[in-house]
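# A closer look at the structure
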Amino acid sequence: MIYSSGQDFRAAEQKRVLLFGMSGLGKTYLANMLRDAGQAGAGGWFHYSVDYRIGTRYMNEFIADNFKREAMKVPLLRELLMSDSVYIASNITFNNLAPLSTYLGKPGDPARGGIAFEEYQRRQAEHAQAEISAMLDVPRFVERAENIYGYQNFICDTSGSICEVVNADDPADPVMRALADNQLLVWIKGSDAHKAELARRFDRAPKPMYYRPDFLKTLWAEYCAAEGQSATEVDPDAFLRFGYARLLDHRQPRYAAMARWGITVTAEEVAQVKNPANFDDMIATAIDRTKTTA
């Protein structure tokens, strides 16, 4: 860890923290709170969103081209596009990643908004590479945040799928090494009650997710066999609901492996954080707790 104790973290002129864990447990809440609490300079926090970086830097062309393909199906828009009379682009923000999710899509029946499974796999592979690239950018953005904007503190808000594109059991994993050498890795761990609530939320509004290729193939084969459906008959939302609960269980040990590179806080602890001072207290306490049990 880059901080030897809770006091070391409190006294650090530069605080650098990376948050990871399932979506919905508080990563973006904490990052937004820290960013909004102060200006550049002493005490201010630069917010680096991995999902935002993926969508605006590494998948921006894929997303825009997908919009254009759809627009070309409409005669009026086709004519305007062909004459360079209109411009189509995504408008991703930290709190609205819909263009990225829409591009990832859902496999299954085209009449219900699905895409071919092979196309879904291709987009998943694009996302994996984009996520790796966005995380390898973190050390450079730490320098940019200070040298250009004057921010001394840096908070990295990762994608929920970070654990799928690293091998935390490998001490030489290039992404884990790049992150742990520059950031304090913090796992926001949810309880069984949180897992149940996340599943309920997802059931109400299924959204595209990233899966490891082998895990995705297994899920897809099991679902098609259980439902007795071909790839083009699958209800896309029903498949995502089927996979989500399994995904939560699948990711838990992968997050736990990542946590050995840093510290763990609970979602209950995160819920009590209302300001930067609370955040410092939570992180310092967790560092000392980790040192005590190590």
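For the structure given in this document, a descriptive report is provided here. (Residues numbered from 1 in each chain as written. Predicted model: local features only at pLDDT ≥ 70, side-chain atom pairs only at ≥ 80, totals over all residues. Heavy atoms only, no water.)

### Looking at the overall build of the chain
Summing up its helical and strand segments, the chain has 14 helices and five strands in all. Its C-alpha atoms give the chain a radius of gyration of 21 Å, near enough to 19 Å, the size a compact globule of 294 residues would have. Principal-axis analysis of the C-alpha atoms gives the chain an extent of 60 × 50 × 35 Å. Counting every position in the chain, which comprises 294 residues, the buried fraction comes to 47%. Put simply, the chain shows about 14,000 Å² of open surface, and 50% of that area lies on carbon and sulfur atoms. Where the 34 positive side-chain charges of the chain centre and where its 38 negative ones centre are 1 Å apart. (Helix = DSSP H or I, 4+ residues; strand = E, 2+ residues; numbered from the N terminus. Rg over C-alpha atoms; globule rule 2.2 N^0.38 Å. Buried < 20%, exposed > 50% of the residue type's maximum accessible area, 1.4 Å probe, protein only. Areas by Shrake-Rupley, 256 points an atom, 1.4 Å probe, with all protein chains shown as cover. Lys, Arg positive; Asp, Glu negative; His and termini not counted. Charge placed at Lys NZ, Arg CZ, Asp CG, Glu CD.)

### Notes on the pairing of strand E1 (residues 16–20)
Residues in a regular strand project their side chains so that they alternate between the two faces of the sheet. Counting buried positions along E1 gives five out of five residues, so the element sits mostly inside the fold. By the alternation rule, side chains of E1 split into Arg16, Leu18 and Phe20 and Val17 and Leu19, which are all buried. Pairing between E1 and strand E3 (residues 151–157): four bridges, direction parallel. Along E3, the bridge assignment pairs Leu18 with Cys156. When E1 meets strand E4 (residues 184–189), the two strands line up parallel, connected through four bridges. (Pairing = 2+ DSSP bridges.)

### So, the packing of aromatic side chains
Counted according to the given criterion, the structure contains 17 aromatic pairs. Measuring from ring centre to ring centre gives 4.9 Å for Tyr48 and Phe141, while their planes differ by 55 degrees; the resulting arrangement is tilted. Of the two residues, Tyr48 is situated in strand E2 (residues 41–49) and Phe141 in helix H8 (residues 138–147); the sequence distance between them amounts to 93 residues. The burial state of Tyr48 is the same as that of Phe141; both residues are buried. One aromatic cluster is present, built from ring pairs that chain together Phe46, Tyr48, Phe141, Tyr149, Tyr151 and Phe154. A cation sits over an aromatic face here: Lys15 above Phe9, 5.5 Å from the ring centre. Sitting over the ring of Phe141, Arg144 keeps its end group 4.7 Å from the ring centre. (Phe/Tyr/Trp six-rings, centres within 6.5 Å; stacked < 30°, edge-to-face > 60°. Lys NZ or Arg CZ within 6 Å of the ring centre and 35° of its normal.)

### Brief notes about the packing of helix H2 (residues 27–37) against helix H14 (residues 276–293)
In the contact formed by H2 and H14, the axes pass within 10 Å of each other and the chain directions differ by 130 degrees. Classed by the angle they form, the pair H2 and H14 counts as oblique. Note on element contacts: H14 touches H2 through Pro276, Phe279 and Met282, opposite Leu30, Met33, Leu34 and Ala37. Split by residue class, the contact of H2 with H14 holds seven nonpolar, no polar and no charged. (Axes fitted to C-alpha atoms, helices over the stretch in contact; angles between N-to-C directions. Parallel < 35°, antiparallel > 145°, perpendicular 65-115°, else oblique. Contact = heavy atoms within 4.5 Å. Nonpolar A, V, L, I, M, F, W, Y, C, P; charged D, E, K, R; others polar.)

### Concerning unusual backbone geometry
Its identity as a non-glycine residue notwithstanding, Asp84 has a phi of 55 degrees, on the positive side. With respect to the helices and strands, the residue Asp84 is situated in the loop between helix H5 (75–82) and helix H6 (98–104).

### Some thoughts on the packing of helix H11 (residues 213–227) against helix H12 (residues 236–259)
Contact pair H11 / H12: the axes reach a minimum separation of 11 Å and the direction vectors enclose 135 degrees. With respect to H12, the axis of H11 lies oblique. Every pair of crossing elements has a handedness; the one defined by H11 and H12 is right-handed. Contacts from Phe215, Leu216, Leu219, Trp220, Glu222 and Tyr223 in H11 reach Ala238, Phe239, Phe242, Gly243, Arg246, Leu247 and His250 in H12. A per-class count over the contact of H11 with H12 returns nine nonpolar, two polar and two charged. (Left-handed = near helix turned anticlockwise from the far one by under 90°.)

### With respect to the pattern of salt bridges
Using the criterion set out here, one finds 22 salt bridges in the structure. The partner of Arg123 in a salt bridge is Glu119, with the nearest N and O atoms 2.8 Å apart. With Arg123 and Glu119 both in helix H7 (residues 117–136) and four residues apart, this pair spans about one turn of that helix. Relative accessible area serves as the criterion here: at 23%, Glu119 is assigned to the partly exposed category. For Glu197, the salt bridge goes to Arg200, with nearest N and O atoms at 2.9 Å. A residue pair is termed a helical-turn pair when its members lie 3 or 4 positions apart in one helix, as Glu197 and Arg200 do in helix H10 (residues 192–204) at three residues. Judged by its relative accessible area of 26%, Glu197 falls in the partly exposed class. Its relative accessible area of 45% is what places Arg200 among the partly exposed residues. Linked through salt bridges whose partners overlap, the residues forming this network are Glu119, Arg122, Arg123 and Glu126. (Salt bridge = Lys/Arg side-chain N within 4 Å of Asp/Glu carboxyl O.)

### Notes on a nonpolar patch on the surface
On the surface, Val74, Leu76 and Leu77 cluster together into a nonpolar patch covering about 250 Å² of accessible area. The residue Val74 is located in the loop between helix H4 (60–71) and H5 in this model. Judged by relative accessible area, which is 37%, Val74 ranks as partly exposed. (Patch = residues over 30% accessible without salt bridge, like charges linked within 9 Å, V, L, I, M, F, W, Y side chains within 5 Å.)

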